[in-house]
Amino acid sequence: LTMPGAVRGDMVGLLEFVTREDYYDNFLTRMLANVPAHVEVTEEHFKEARMILENKFLIGMTNDVAETVQKRLKLYFGWEELPSQQGCEMYYIKNGVMALPPVTIEEGGHYWRAIQKINLFDMKLYARAMS
């Protein structure tokens, strides 16, 4: 989750953002299952979003870009690193997303649980994607 003007590590600001009246909860579930803003997201919407995610997307995680690129994308698309470019791929992986500091929300902690309560179905999609 990001908000305009966010400062890394500002958990209070993040909680204020997700509890605002105009906050769009379960954004990914809503987008995948085509759920309008004025409609409450249900378990049926989650199941539809999960099915779409599992059948129409390649899922990669920013916390392990190397695995995403080397195992998932290369295998699916049949990519091969050119002999003249050996090491180039890993250079950009290590100096790109992998160079970012880790997320500061502790999984299972107070802030995690508060956000999970508001975005229950998106968190279930995340858990499914991680498995």
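Since we're looking at a predicted model, the values are computed, not measured.

Cut-offs used in this document
- Residues numbered from 1 in each chain as written.
- Predicted model: local features only at pLDDT ≥ 70, side-chain atom pairs only at ≥ 80, totals over all residues.
- Heavy atoms only, no water.
- Phe/Tyr/Trp six-rings, centres within 6.5 Å; stacked < 30°, edge-to-face > 60°.
- Buried < 20%, exposed > 50% of the residue type's maximum accessible area, 1.4 Å probe, protein only.
- Lys NZ or Arg CZ within 6 Å of the ring centre and 35° of its normal.
- Axes fitted to C-alpha atoms, helices over the stretch in contact; angles between N-to-C directions.
- Helix = DSSP H or I, 4+ residues; strand = E, 2+ residues; numbered from the N terminus.
- Parallel < 35°, antiparallel > 145°, perpendicular 65-115°, else oblique.
- Contact = heavy atoms within 4.5 Å.
- Nonpolar A, V, L, I, M, F, W, Y, C, P; charged D, E, K, R; others polar.
- Core = buried A, V, L, I, M, F, W, Y, C linked by side-chain atoms within 4.5 Å.
- Salt bridge = Lys/Arg side-chain N within 4 Å of Asp/Glu carboxyl O.

Novice: Before we move on, could you go through the packing of aromatic side chains and cite the residues and values that matter?
Specialist: Taken as a whole and assessed by the stated rule, the structure comprises 6 aromatic pairs. On the numbers, 5.1 Å between centres and 15° between planes, the contact of Phe-77 with Trp-79 is stacked. A residue is classified by how much of its surface remains accessible, and Phe-77, at 46% relative accessible area, is partly exposed. Look at Trp-79 and you get partly exposed, because its relative accessible area is 45%. Among the aromatic residues, those joined into a cluster by ring pairs are Tyr-76, Phe-77 and Trp-79. The ring of Tyr-24 has Arg-30 lying over it, and the distance from NZ or CZ to the ring centre is 5.4 Å. The side chain of Lys-124 reaches across the aromatic face of Phe-46, ending 4.4 Å from its centre.

Novice: Tell me what's going on with the packing of helix α4 (residues 65-77) against helix α5 (residues 88-95), and back it up with residues and numbers.
Specialist: Two numbers describe how α4 lies on α5: the axes approach to 9 Å, and their chain directions differ by 140°. Between α4 and α5, the crossing angle belongs to the class labelled oblique. Packed against α4, whose contacting residues are Val-65, Ala-66, Val-69, Gln-70 and Lys-74, the element α5 presents Glu-89, Met-90 and Ile-93 at the interface. Of the residues contributing to the contact of α4 with α5, the split by class is 5 nonpolar, 1 polar and 2 charged.

Novice: So what about the nonpolar core? Which residues, and what values?
Specialist: Where a protein is soluble and globular, its nonpolar side chains tend to be buried together. In this structure, Leu-32, Ala-33, Val-35, Val-41, Phe-46, Ala-49, Ile-52, Leu-53, Phe-121 and Leu-125 together form the largest nonpolar core, which totals 10 residues. Put simply, the parts of the chain that give this core at least two residues each are α2 (27-33), α3 (43-56) and α7 (120-130). The biggest single contributor to this core is α3, with 4 residues. Those residues within four positions of Leu-32 in sequence are excluded, and the remaining contacts are Ala-49, Ile-52, Leu-53, Phe-57 and Leu-125. Of all hydrophobic cores here, the second largest spans 7 residues; its members include Met-11, Leu-15, Val-18 and Ile-115.

Novice: Explain the side chain of Asn-119 to me, using residue names and the numbers behind them.
Specialist: By secondary structure assignment, the location of Asn-119 is in the loop between α6 (110-118) and α7. According to the relative accessible area criterion, Asn-119 is buried, its value standing at 4%.

Novice: Hey, could you go over the pattern of salt bridges for me, with residue numbers and the actual values?
Specialist: As enumerated under the stated definition, the model contains 5 salt bridges in all. With a closest N to O distance of 3.0 Å, Asp-22 and Arg-20 form a salt bridge.

Novice: An account of the environment of Tyr-23 is requested, with residue identities and associated values reported.
Specialist: Tracing the sequence through the fold places Tyr-23 in the loop between α1 (11-18) and α2. Along the primary structure Tyr-23 and Ile-118 are separated by 95 residues, whereas in three dimensions their C-alpha atoms are 9.8 Å apart.

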